[in-house]
Each structure stands twice: as structure tokens, then as C-alpha cells.
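Reading the structure
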Amino acid sequence: MSDVLQQLGDILEQRRHGDPESSYVAKLHHKGLNKILEKVGEEATETIIAAKDAQHSGDHSDVIYETADLWFHSLVALSHLGESPQAVLDELARRFGMSGLEEKASRQKS
Ligand SMILES: N=c1c2ncn([C@@H]3O[C@H](COP(=O)(O)OP(=O)(O)OP(=O)(O)O)[C@@H](O)[C@H]3O)c2ncn1[C@@H]1O[C@H](COP(=O)(O)O)[C@@H](O)[C@H]1O
């Protein structure tokens, strides 16, 4: 599963210096962090709406699609800041084996 994130992270890194005329990701980088964060916000809202619809309809295709858009734009934001998907995977891995309460305590210490 994380191979996909690794490959996508590599593509996003290449696009930081890509041609905004031929690449959607390069265009986002060119427009800057505020535009990227606007897209993250839009996709988060669309994901919420799709999840509520899925609960009623039982059809999960839209919420999966919108969640992919949200993950994608979040990764573009991280890439814009010079971070990779691996940094998020490492953070999630750090939390394995911790209870929610232990994780909360580790936040308060850091
Ligand atoms: N995974 C994605 C991906 N998911 C979503 N999107 C784009 O994200 C946008 C979603 O935003 P919207 O639904 O609001 O559509 P929009 O109206 O086109 O967006 P705006 O013009 O309003 O910004 C669409 O344009 C989608 O095509 C993606 N664009 C690219 N990728 C990956 O990024 C790689 C590099 O893409 P390029 O930079 O275009 O080569 C691709 O090979 C893919 O692997």
C-alpha cells in the first residue's frame, strides 16, 4: 500500500519544478501554499458531504473518490513544504501499539 504513496511522493517532488502549463501539480505549486490549502479545504468539505451521503445511500464510491482527492491535495501541501508521505507514515507507525490515551500523553510532552 505504501508503495503507492512512495511513488506519488516521488512524482509530487518532481512536479515542484515542473511546467505549470502541462502539469496540474506544478500549477498548484506555482500558485503557492494558500491555493493548495484552499483545495485541501474544498476536498475536506466534499469528503464530509460524500460520507454523509454514503451513510444514507450505502454507496461508498463517492466518499472513496473524495477521500483520494483529500489525501492527494494534503500530500501536495506537504510536498510544497518539502515533506514526503513517508513522514506521515512514520508518524502513524510511531503510534502503533499506543492507546489513544498514551498517544495524547506523548503529545503533551512534546
Ligand atoms: N492523484 C492525482 C489527482 N487527484 C486529483 N487530481 C486533480 O485534482 C483536481 C481536483 O480538483 P477539482 O475537483 O476541484 O477539479 P478542478 O476544477 O480541475 O480543480 P481547480 O481547477 O478548481 O483547482 C482535478 O483537476 C484532478 O484531476 C489529481 N491530479 C494528479 N494526481 C496525481 O499526480 C500526478 C501528477 O499529475 P500532473 O501534475 O497533472 O502531471 C498524476 O500522475 C497523478 O498520479
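All values reported here derive from a predicted model rather than from experimental measurement.

**What about the site of the ligand?**
In the neighbourhood of the ligand, the contacting residues comprise Leu8, Ile11, Arg15, Ser23, Tyr24, Val25, Lys39, Glu42, Glu43, Asp69, Phe72 and His73. Within the side chain of Ser23, a nitrogen or oxygen atom sits 2.5 Å from an oxygen atom of the ligand. Lys39 places a side-chain nitrogen or oxygen 2.6 Å from an oxygen atom of the ligand. The fraction of the free accessible surface of the ligand (830 Å²) that becomes covered by protein chains is 54%. Listed by contribution, the elements that provide at least two residues to the shell around the ligand are helix H1 (2-15), helix H2 (24-31), helix H3 (33-57) and helix H4 (61-80). Partitioning the shell around the ligand into residue classes produces five nonpolar, two polar and five charged.

**Quick word on the side chain of Ser106**
Tracing the chain through its elements places Ser106 in helix H6 (residues 100-109). Accessibility expressed as a relative area gives 17% for Ser106, which makes it buried. Reaching out from Ser106, the side chain makes a polar contact with the side chain of Arg94 at a distance of 3.5 Å. Ignoring any residue separated from it by four or fewer positions in sequence, one finds Ser106 in contact with Arg94 and Met98.

**A look at the nonpolar core**
Proteins that are soluble and globular tend to have nonpolar side chains buried together. Grouped together as the largest cluster of nonpolar side chains are eleven residues: Leu5, Leu12, Val25, Leu28, Ile36, Val40, Leu70, Phe72, Leu75, Val76 and Ala77. Broken down by element, this core gets its largest block of residues, five residues, from H4. If we ignore the near neighbours within four places in the chain, the residues touching Val25 are Leu12, Arg15, Phe72 and Val76.

Basis of the calculations
- Residues numbered from 1 in each chain as written.
- Predicted model: local features only at pLDDT ≥ 70, side-chain atom pairs only at ≥ 80, totals over all residues.
- Heavy atoms only, no water.
- Near = heavy atom within 4 Å.
- Polar contact = N/O pair within 3.5 Å; in protein donor to acceptor, adjacent residues only side chain to side chain.
- Areas by Shrake-Rupley, 256 points an atom, 1.4 Å probe, with all protein chains shown as cover.
- Helix = DSSP H or I, 4+ residues; strand = E, 2+ residues; numbered from the N terminus.
- Nonpolar A, V, L, I, M, F, W, Y, C, P; charged D, E, K, R; others polar.
- Buried < 20%, exposed > 50% of the residue type's maximum accessible area, 1.4 Å probe, protein only.
- Contact = heavy atoms within 4.5 Å.
- Core = buried A, V, L, I, M, F, W, Y, C linked by side-chain atoms within 4.5 Å.

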